[in-house]
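Geometric and topological summary
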Amino acid sequence: MSSNEKAVAEKLLQSNAIKLNPAQPFTWASGWKSPIYCDNRRVLSFPFIRDFVKSEMCNVIFQQFPDAELLAGVATAGIPWGAMAADQLKLPYIYVRPKPKEHGLGNQIEGYFEAGQKVVVIEDLISTGKSSLQVVDVIKAAGMEVMGMVSIFNYGFPVAAQNFEKAGVPYVSLTNYGTLIELAVEKGIVSADQHDLLMEWRKDPSTWMKS
Ligand SMILES: O=P(O)(O)OC[C@H]1O[C@H](OP(=O)(O)OP(=O)(O)O)[C@H](O)[C@@H]1O
Ligand SMILES: O=C(O)c1cc(=O)[nH]c(=O)[nH]1
């Protein structure tokens, strides 16, 4: 684990963004059942932690995608992170809804953009990658060029890596499941039994608790 990945994982633990409840599993956007949930929305409530994560995100955007012309947040949890990063980096900003709004202007992409602009997509978290890649498709269909994507957290599932590779979208995450669990064990937040269960679940999350 890199020191930056560890530092961001530490901030997620400090803000109690990580919830464990194997007895009453969480249902994810994909429909998968999970004993763990990472609630990055909570990080927004703690100014110093929020500022640290925002700075890490800006560093990654600046280093990995120096030619970015526009940032795009994935609704809803990616919106505040994208907006804060755009503000810090003085880049224009849009956000993208999962489907067009059903009243008002009927927009799916909110904000001003121009065809041909080089975009970096900002998401809070990648599980299967479906939510972010849906947004990538919408941005491409609107004539923009997607340079890549940055998220705070990534579970590191092979299915997500395959989905991003198929779409030809490079992605970077500030921290990941392996780093987080290792640190949580080190700090005594996760017991040996919980660690075993989390490792077992991680092998085949799509079928966990379904049989
Ligand atoms: O990689 P995926 O399998 O698509 O899962 C990750 C997505 O799930 C969460 O969003 P959610 O749909 O819960 O909605 P929210 O952002 O509105 O909270 C999260 O914020 C990601 O967008
Ligand atoms: O896949 C999801 O829906 C998901 C997982 C998770 O840990 N946190 C979250 O906000 N969404």
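Residues numbered from 1 in each chain as written. Chains lettered and ligands numbered in written order. Predicted model: local features only at pLDDT ≥ 70, side-chain atom pairs only at ≥ 80, totals over all residues. Heavy atoms only, no water.

Under the convention used in this document: UniProt positions are given in the numbering used here, feature names are shortened, and annotations may be inferred rather than shown by experiment.
The name an unreviewed UniProt entry assigns to the protein chain is Orotate phosphoribosyltransferase, from the organism Niastella koreensis. Heading Cofactor (unreviewed entry) of the UniProt record for the protein chain holds this comment: "Mg(2+)". The Catalytic activity (unreviewed entry) comment attached to the protein chain in UniProt states, word for word, "orotidine 5'-phosphate + diphosphate = orotate + 5-phospho-alpha-D-ribose 1-diphosphate".

1. Structural notes on the site of ligand 2
For clarity, the cut-off: One heavy atom suffices: a residue is near a molecule or strand as soon as one of its heavy atoms comes within 4 Å of it. Definition of a polar contact: a pair of N or O atoms within 3.5 Å, with one able to donate and the other able to accept a hydrogen when the atoms are protein atoms, and with sequence-neighbouring residues admitted only if both atoms are side-chain atoms. When residue character is reported, Ala, Val, Leu, Ile, Met, Phe, Trp, Tyr, Cys and Pro are called nonpolar, Asp, Glu, Lys and Arg charged, and the others, Gly included, polar.
Close contacts around ligand 2 come from W28, A29, Y37, C38, R41, L125, S127 and Y155, and that covers them all. C38 has a polar backbone atom sitting 2.7 Å from an oxygen atom of ligand 2. Between an oxygen atom of ligand 2 and a side-chain N or O atom of Y155, the distance comes to 2.5 Å. Per-class residue counts for the shell around ligand 2 are 6 nonpolar, 1 polar and 1 charged.

2. With respect to the state of the cysteines
In a disulfide, the sulfur atoms of two cysteines are held together by a covalent bond. Put simply, the rule is: Here, the term disulfide refers to a pair of cysteine sulfur atoms separated by no more than 2.5 Å. Throughout this description, buried means an accessible area under 20% of the type-specific maximum (1.4 Å probe, protein chains only), exposed means over 50%, and partly exposed covers the range between.
With the rule as written, the count across this model stands at 0 disulfides. There is no disulfide at C38, and the cysteine sulfur nearest it, in C58, is 19 Å away. On the basis of relative accessible area, C38 is assigned to the buried category, the value being 4%.

3. Remarks on the environment of E182
Rule in force here: Labels follow the DSSP assignment, with helices taken as runs of H or I lasting at least four residues and strands as runs of E lasting at least two, numbered in each case from the N terminus.
Mapped onto the secondary structure, E182 falls in helix α6 (residues 177–186). When its relative accessible area of 46% is taken as the criterion, E182 is described as partly exposed. Once the C-alpha coordinates of E182 and F153 are considered, the two residues, 29 residues apart in sequence, prove to be 15 Å apart.

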